[in-house]
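Chain by chain, the residues:
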2 protein chains.
Amino acid sequence: MAWAYLSRVAEGPSAALSDLISRVGVLEAARAVRQCDLPASLLSATAQRRGTDCAERDLELMARLGGRLVTPDDPEWPAWRLLGLGQLDPGRDPAATGPLALWVRGAVPLADATELALAVVGARCSSGYGEHVTAEIAGELAGRGWTIVSGAAFGIDGCAHRAALAVEGLTVAVLACGLDRPYPAAHHRMLERIAETGSVVSEYAPGVAPLKHRFLERNRLVAALADGVLVVEAGLRSGARNTVKWARCLGRPAMAVPGPVTAAASAGCHRMIREGEALLVSEAAQVVDEAGPLRLSMPTGTSAADHLDGPQAAVYAVLPQVGSRQPAEVAESAGLSVPATRAALAGLELTGYVGSDHSGWYRTAQAG
Amino acid sequence: MAWAYLSRVAEGPSAALSDLISRVGVLEAARAVRQCDLPASLLSATAQRRGTDCAERDLELMARLGGRLVTPDDPEWPAWRLLGLGQLDPGRDPAATGPLALWVRGAVPLADATELALAVVGARCSSGYGEHVTAEIAGELAGRGWTIVSGAAFGIDGCAHRAALAVEGLTVAVLACGLDRPYPAAHHRMLERIAETGSVVSEYAPGVAPLKHRFLERNRLVAALADGVLVVEAGLRSGARNTVKWARCLGRPAMAVPGPVTAAASAGCHRMIREGEALLVSEAAQVVDEAGPLRLSMPTGTSAADHLDGPQAAVYAVLPQVGSRQPAEVAESAGLSVPATRAALAGLELTGYVGSDHSGWYRTAQAG
């Protein structure tokens, strides 16, 4: 009840209120807010909504929606995900702090749902190309056990959620408004499906409207709840850039998919790549390389051997994927003299591409 | 005659022969080569073709084609362009040295033709998209006085040359074979047109065939003769990457145009951007930013003000392009309170976006 009351009073991120709660406890913090027993800074910040106590009604409403208020006391609180937000400087941006609590509708405990997660965001005015790439990458990762986090907007966001739903993967939608007013309204049904299998999350109490500054605040949660942020299509003024900014603040990898330079929908991605704000990625494997646990690599379309050229490339190319060959056989296949082949093999061994034993020369595992 | 003789003997880059010429002069170098009066390294390098002296025939043939042999003694020798090649380490790559001399067909002195130049290279198997972007960027730059340097290959190369020809701009084709055997043969007519208005260049004597290693050697001249290298479409195994490698060796900017990640023809560009080998560019203005003289910027689609957000963005947006406004007017247009507007203006002034005088607040020129 105290959390629900404070969640509505704060209406969004409040570093001062979070501080107070962690110092004196939530019950005492609620009492202090109610009775104006506060330092001046908090007094003015809470003055407007201090009198509004509809905690009971809010909790009941949420329960009817099948939701709950998840607080830092709960086992499902995604504490380590949100840790980074608590270490930012709210002096520079008032939103640079963790949420007080989170209103959640969903079948899976939030901490579990966001254990391995990728945020996929982008243009509302997406193109067929952007939707295709989103479906490919989000679908592949969701199928591999990644949760897809996004903002439920039209365009890339919705496409990312749907790609996860389509492969029966987990997806988390973070809203910029109360959970009782799904936004955008046309995504009502999609949000219901997400709530059934994944999670719909907001730091705003029921009834709170989706205003512009709340989208910016919401973006920080999208970035915080994931291992990395992927932007697929973004115009020059896209909100995706703001999500990328939060990812960078939080030390999470920010990635962007390029597209035709003739498409305005990719101009924001190109700018972020060009200015070093996001790394160019083309496929799911590259996302895993950046954001994956232990940064373990998945097999990619390219291999380390693509960097070879000249006789080394020719020699490497004719070595079998499995098993080994004698230099004379390699020489014949590669169309090189035996001495040239031996030299190339020696060079490849030095750089770790090949090895040799009694059976001959073979490709090493590392070079794939 | 001595240059022509040595050009055929060397058949491509030879740091040792260039050294010898610069030490003893071209006549003495030719005599020494003819009479095997050489250090061991040069002896073996020149052994094979030392006996072939068809300098007179080569020069006559070239004259009949309307061409000439341009040597380091000639005023049109692009000395400062080739300077960088002379400072590389030929021990690591035998091609890492300047050309001995250049066979040239063309109306414009080579040094003049390459004074302000962009190399545009890319996939032979280009797509409609790649050809469109090549035509746009090469055409715009050629129209602004840039020479377009390329390799006359099918696909992007040919498209770049044609874009320059179409706007009556200058273009230089660098071949990997003798100028008497235009390659590819289907570009014979295009090469004739280039020779009429621009320049067709090769370091190989007449009759020399376009073999694989000569394309790699040729690529270094493409990079050396330009202020930067732009790759438009390249597969993962494209030769364009080799040209980019030379540009980087020479300290010239390397740029690549992104495209759909679903297109194999852009995969090489994406890899080069991803791995930091090339900078992502979307338009001619960005090429000028990177490769242009004094790196002067052309007006671009975006502006510094795109980096603003919140009240500062709102305030900046309502300031007129020309002229100034009072804070109260700005506040009204921006939908902010006057104090909030004053604060935003002060912030914008600190970062240089706006200034103020007796007439009010105005956008500064620098922020465009």
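Positions within a chain are numbered from 1, following the residues in the order the chain's sequence is written. Chains carry letters and ligands carry numbers; both start at the beginning, A for chains and 1 for ligands, and go up in the order they are written. Only residues with pLDDT of 70 or above have their local features reported here, since the model is predicted, and side-chain atom pairs are shown and tallied only from 80 upward, although totals for entire chains, interfaces and linings are computed over all residues. Hydrogens and water molecules were not included; the side-chain quantities draw on all heavy atoms of the structure.

- The name given to chain A in an unreviewed UniProt entry is DNA-protecting protein DprA, with the source organism recorded as Nocardia stercoris.
- UniProt positions are given in the numbering used here, feature names are shortened, and annotations may be inferred rather than shown by experiment. The record held by UniProt for chain A lists under Sequence similarities (unreviewed entry) the comment "Belongs to the DprA/Smf family."

Digging into the overall build of chain A
- Counting from the N terminus, the helices are the DSSP runs of H or I reaching at least four residues and the strands are the DSSP runs of E reaching at least two. Broken down by element type, chain A carries 17 helices and 11 strands.
- Taken over the C-alpha atoms alone, chain A extends approximately 90 × 40 × 35 Å along its principal axes.
- A total of 368 residues make up chain A; the buried ones form 55% of that total.
- In chain A, of all internal contacts separated by at least 6 residues, the share reaching a separation of at least 24 is 72%.
- For every accessible area listed, the method is Shrake-Rupley and the probe measures 1.4 Å; residues are considered covered only by the protein chains on display. As displayed, chain A offers around 15500 Å² of accessible surface, 53% of which is attributable to carbon and sulfur atoms.
- Only four residue types enter the charge count, namely Lys and Arg as positive and Asp and Glu as negative; His and the chain termini do not. Charged groups are reduced to one reference atom each: NZ for lysine, CZ for arginine, CG for aspartic acid, CD for glutamic acid. Across chain A, the centroid of the 33 positively charged side chains sits 7 Å from that of the 38 negatively charged ones. Exposure classes here rest on a 1.4 Å probe applied to the protein chains alone. A residue is buried below 20% of its type maximum, exposed above 50%, and partly exposed in between. By definition, residues are in contact when any of their heavy atoms lie within 4.5 Å.

A few points about the sheet that holds strand S4 (residues 147-150) of chain A
All names here are of chain A.
- In space, the 9 strands of this open sheet follow the order S1-S2-S6-S5-S4-S3-S7-S8-S9, with mixed pairing throughout. The open sheet has two edge strands, strand S1 (67-70) and strand S9 (279-280), and neither has a second partner.
- When strand S2 (residues 102-106) meets strand S6 (residues 199-202), the two strands line up antiparallel, connected through 4 bridges. For Arg105, the partnering residue across the bridge sits in S6 and is Val200.
- The convention used is that axes are lines fitted to C-alpha atoms, helices contributing only their stretch in contact, and that angles between N-to-C directions extend from 0 to 180 degrees. Across the face of the sheet, helix H8 (residues 128-143) comes into contact with strand S3 (117-122), S4, strand S7 (228-232) and strand S8 (254-257) while running at roughly 150° to S7. In short, DSSP must find at least two bridges between two strands for them to pair.

Structural notes on the domain arrangement of chain A
- Residue ranges for the domains trace back to a domain assignment, done automatically or taken from a database. Examined at the domain level, chain A breaks down into domain 1 (1-53), domain 2 (110-295) and domain 3 (304-363).
- For domain 1 of chain A versus domain 3 of chain A, the distance between C-alpha centres works out to 70 Å.

Observations regarding helix H1 (residues 2-10) of chain A
All names here are of chain A.
- Of all 9 residues that make up H1, 9 are buried, and the element is covered over most of its length.
- Residues Ala2, Trp3, Ala4, Tyr5, Leu6, Ser7, Arg8, Val9 and Ala10 constitute the buried set of H1.
- On its buried face, H1 is in contact with helix H2 (15-24), helix H3 (26-34), helix H4 (40-47), helix H5 (55-64), S1 and S2.
- Directly after H1, the chain includes Glu11, whose backbone phi takes a positive value near 45°.

Description of the packing of helix H11 (residues 212-224) of chain B against helix H12 (residues 240-249) of chain B
All names here are of chain B.
- Orientation of H11 relative to H12, taken along the N-to-C sense of each, is 50°, at an axis distance of 8 Å. Relative to H12, the element H11 is oriented oblique. Judged by the twist between their axes, the crossing of H11 over H12 is right-handed. Across from Leu216, Asn219, Arg220, Val222 and Ala223 in H11, the residues of H12 making contact are Asn242, Thr243, Trp246 and Ala247.
- Tallied by class, the residues present in the contact of H11 with H12 amount to 5 nonpolar, 3 polar and 1 charged. Here the angle decides the label: under 35 degrees means roughly parallel, over 145 means roughly antiparallel, 65 to 115 means roughly perpendicular, and every other value means oblique. Working rule for handedness: look at the near helix, and if it is turned counterclockwise from the far one by less than a right angle, call the crossing left-handed; if clockwise, right-handed. The residue classification treats Ala, Val, Leu, Ile, Met, Phe, Trp, Tyr, Cys and Pro as nonpolar and Asp, Glu, Lys and Arg as charged. All others, Gly included, are polar.

Brief notes about the UniProt feature "domain: Smf/DprA SLOG" (unreviewed entry) in chain A
- Taken from the UniProt record, the annotation "domain: Smf/DprA SLOG" (unreviewed entry) applies to residues 69-290 of chain A.
- In residues 69-290 of chain A, the share of helix is 39% and the share of strand is 16%. The end C-alpha atoms are 33 Å apart.

Notes on the packing of aromatic side chains
Residue and element names in this part refer to chain A.
- Ring pairs are drawn from Phe, Tyr and Trp, using the six-membered ring of Trp, whenever the two centres fall within 6.5 Å, and their geometry is named by plane angle: stacked under 30 degrees, edge-to-face over 60, tilted for the rest. Per the counting criterion, the structure on display carries 4 aromatic pairs over all chains.
- Between Tyr316 and Tyr353, the aromatic rings sit 5.8 Å apart at their centres with planes inclined by 75°, giving edge-to-face as the arrangement. With Tyr316 in helix H15 (residues 310-318) and Tyr353 in the loop between helix H17 (338-350) and strand S10 (354-357), the pair connects residues that are 37 residues apart, well separated along the chain.
- Under the relative-accessibility criterion, Tyr316 is labelled buried at 4%.
- Whether a charge lies above a ring is judged from NZ of Lys or CZ of Arg, which has to be within 6 Å of the ring centre and within 35 degrees of the ring normal. The ring of Trp246 carries Lys245 above its face, with NZ or CZ at 4.8 Å from the centroid.

A few points about the nonpolar core
- We define the nonpolar core as a collection of buried residues of types Ala, Val, Leu, Ile, Met, Phe, Trp, Tyr and Cys that are connected through side-chain atoms lying within 4.5 Å of one another. Ranked by internal contacts, the top residues of the largest apolar core, which has 80 residues, are A:Val231 and B:Val231.
- For B:Val231, the contacting residues outside a window of four places in its chain are B:Val121, B:Gly122, B:Ala240, B:Val244, B:Met255, B:Ala256, B:Val257, B:Cys269 and B:Met272.

Describing the confidence of the model for chain A
- Values of pLDDT, which run from 0 to 100, indicate the predictor's confidence residue by residue. On average, residues of chain A score 90 in pLDDT, and 95% of them are at 70 or above.
- Contacts for the low-pLDDT stretch residues 295-302 of chain A, under 50 throughout, to residues beyond four places or in other chains number 19 contacts.

Things to note about the relation of the copies chain A and chain B
- Residues below a pLDDT of 70 in either copy are left out; the C-alpha atoms of the rest, at least 70 in both, set the least-squares superposition of the copies. Least-squares fitting of chain A to chain B yields an RMSD of 0.2 Å, with the transformation described by 0.1 Å of translation along the axis and a rotation of 180°. In short, the pair behaves as if placed about a two-fold rotation axis. Identified as the residue of chain A closest to the rotation axis by C-alpha distance is A:Gly259, at 2.2 Å.
- Interface overlap between copies: 100% of the residues of chain A at the interface are likewise at the interface in chain B, consistent with a symmetric, same-surface contact.

A look at the interface of chain A and chain B
- Taken together, the 26 residues of chain A in the interface contact 26 residues of chain B.
- The junction of chain A with chain B conceals about 2300 Å² of combined surface from both sides, 57% of it contributed by carbon and sulfur atoms.
- We count a salt bridge whenever a side-chain nitrogen from Lys or Arg sits within 4 Å of a carboxyl oxygen from Asp or Glu. The interface formed by chain A and chain B contains 0 salt bridges.
- Polar contacts here mean pairs of N or O atoms no more than 3.5 Å apart (in protein, one a potential hydrogen donor and the other a potential acceptor; neighbouring residues in sequence count only if both atoms are side-chain atoms). Our count for the chain A to chain B interface comes out at 4 residue pairs in polar contact (both at pLDDT 80 or more). Throughout, buried area stands for the accessible area (probe radius 1.4 Å) lost by two parts on being put together, summed over both.

Notes on the environment of B:Val104
Residues and elements named next belong to chain B.
- Along the chain, Val104 turns up in strand S2 (residues 102-106).
- The exposure class assigned to Val104 is buried, which follows from its relative accessible area of 0%.
- The sequence separation of Val104 and Ile137 amounts to 33 residues, and the corresponding C-alpha distance is 26 Å.
- If sequence neighbours within four positions are ignored, Val104 has contacts with Gly67, Arg68, Val70, Leu110, Leu179, Ser199, Val200 and Val201.

A few points about the sheet that holds strand S5 (residues 171-174) of chain B
- Taken in spatial order, the 9 strands line up as S1-S2-S6-S5-S4-S3-S7-S8-S9 (chain B) in an open sheet, and their pairing is mixed. Since the sheet does not close on itself, it has two edges, and those belong to strand S1 (67-70) and strand S9 (279-280) of chain B, each with one partner.

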